[in-house]
Amino acid sequence: QPNSAYSLPILSGSNPDLQPEKSDSYTVGAVIEPRFIPGLSVSVDWYKISVKDVIVALSAQSIANSCYDQPSLDNPFCGLFERYTGPGEGPLGTQPGQILANSLLSAGFNFASRERKGIDINATYRTDIGGFARLNTNLIYTHNFKISNYENPTLPDFENRILGELGDPKDEFLWSVDLTRGPITLGYQMRYIGEMWTGAYEDFNALQDRPPQNEDFADIRKYPATFYHDVRVEWDLKNGAGIGRDFQFYLGVDNLLNTHPPLGLAGTGTGGITD
């Protein structure tokens, strides 16, 4: 049948077969405060997290997608729903080939495992500028080496790479600068989000000796990297005298340059299913 979106009544509840999660986490870090740059502190943390039998709550669409993303239809996801085989129109208007109304079970589910590996850097610098003002700047940077799900408990090595897909860029950072003189603070913040694939990583790239699954999925393959800028001015009276001594006033502008989400990206609804 042609690709279509439609409303699907589903079953929702608990799963008595859920297993407890088991996690292994490794972290190596260091804090650097060089004497030749007073006021500078840099912390670096490398981490690797592996969670086995990770418990997830899958949407109806995710269950349908996962069924057909596996190398065989003989997998736990396909067992969570039935398709109507006809003849004619089924219950609640279900057409032949569509998922049968009230047959899809949305409940807690154990993935085989989930892995994440990356590095976090936090750099802070504070200094006086010639007795004129106080400078305080902070940078939080994350680089992800791996974000992957291993969803099928019967094929625990079958990888679904998440790294680089929407919401999980390889690189992102948040940089803030405050300049304070007396009760007045001028603040600036920059947020960077790295480029991300417009579809699944596997659509455009080979993975585990599997060829790209859907190379012509889109003409534009990646959301471009994006910067967002915020500014604010703050007037702090808590050290003052009189009635206003406990007040703090501020005025700010978020997204100063009115930067739009990449390629017009916006929120998506969850009221239908495509299969």
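For the structure, see preceding data.
To start, this report covers the structure provided alongside it.

Reading guide: rules and limits
- Residues take numbers from 1 onward in each chain, read along the sequence in its written order.
- Under the rules for a predicted model, residues below a pLDDT of 70 receive no local features and side-chain atom pairs below 80 are neither given nor counted, while totals for whole chains, interfaces and linings still include all residues.
- In computing side-chain values, all of the structure's heavy atoms are included and hydrogens and water are not.
- We define a nonpolar core as any set of buried Ala, Val, Leu, Ile, Met, Phe, Trp, Tyr and Cys residues linked to one another through side-chain atoms lying within 4.5 Å.
- For every residue, the accessible area obtained with a 1.4 Å probe (protein chains only) is divided by the maximum for its type, and the residue is called buried under 20%, exposed over 50%, and partly exposed between those limits.
- Comment: elements are numbered from the N terminus, with helices defined as DSSP H or I runs of at least four residues and strands as E runs of at least two.
- By definition in these notes, contact holds between two residues if any of their heavy atoms fall within 4.5 Å.
- DSSP-based pairing: two strands are paired if at least 2 bridges between them are found.
- Cysteine sulfur atoms are paired as a disulfide whenever they come within 2.5 Å of each other.
- Here the aromatic set is Phe, Tyr and Trp, taking the six-membered ring for Trp, and pairing holds for ring centres within 6.5 Å; pairs whose planes are under 30 degrees apart are stacked, those over 60 apart are edge-to-face, and all others are tilted.
- Distance and angle both matter: a charge sits over a ring if NZ of Lys or CZ of Arg is within 6 Å of the ring centre and within 35 degrees of the ring normal.

### Overview of the nonpolar core
One finds Leu58, Leu104, Phe109 and Phe111 to be the most contacted residues of the largest nonpolar core, which totals 17 residues. Here the element with the most residues in this core is helix α1 (residues 60–69); it accounts for four residues. Not counting residues within four places of it along the chain, the set of residues in contact with Leu104 comprises Leu8, Ile10, Leu11, Ala60, Ile63, Leu80, Phe81 and Ile99.

### Considering the pairing of strand β4 (residues 40–52)
Strand residues, when the strand is regular, have side chains that alternate between the two faces of the sheet. Pairing between strand β3 (residues 22–32) and β4: 11 bridges, direction antiparallel. By the bridge assignment, Ser25 is partnered in β4 with Ile49. Relative to strand β8 (residues 113–129), β4 runs antiparallel, the two sharing 13 bridges. In the sheet register, Val44 faces β8, and the bridge partner there is Ile121.

### With respect to the state of the cysteines
One pass over the structure, following the stated rule, counts one disulfide. Two residues, Cys67 and Cys78, share a disulfide whose sulfurs are 1.8 Å apart. Between Cys67 and Cys78, the S-S torsion sits near 90°, and that sign places the bridge as right-handed. You can see Cys67 sitting in helix α1 and its partner Cys78 sitting in the loop between α1 and β6 (105–106), a full 11 residues away along the chain.

### Some words on the packing of aromatic side chains
With the rule as written, the count across this model stands at 12 aromatic pairs. Between Trp175 and Tyr188, the ring centres sit 6.0 Å apart and the planes meet at 85°, which makes this aromatic pair edge-to-face. You can see Trp175 sitting in strand β11 (residues 171–181) and its partner Tyr188 sitting in strand β12 (residues 184–193), a full 13 residues away along the chain. Ring pairs connect the aromatic residues Trp197, Tyr201, Phe204 and Phe217, which therefore count as one cluster. Sitting above the plane of the Tyr201 ring, Arg161 keeps its charged end 3.9 Å from the centroid. Cation over ring: Lys222 sits above Trp197, and NZ or CZ is 4.3 Å from the ring centre.

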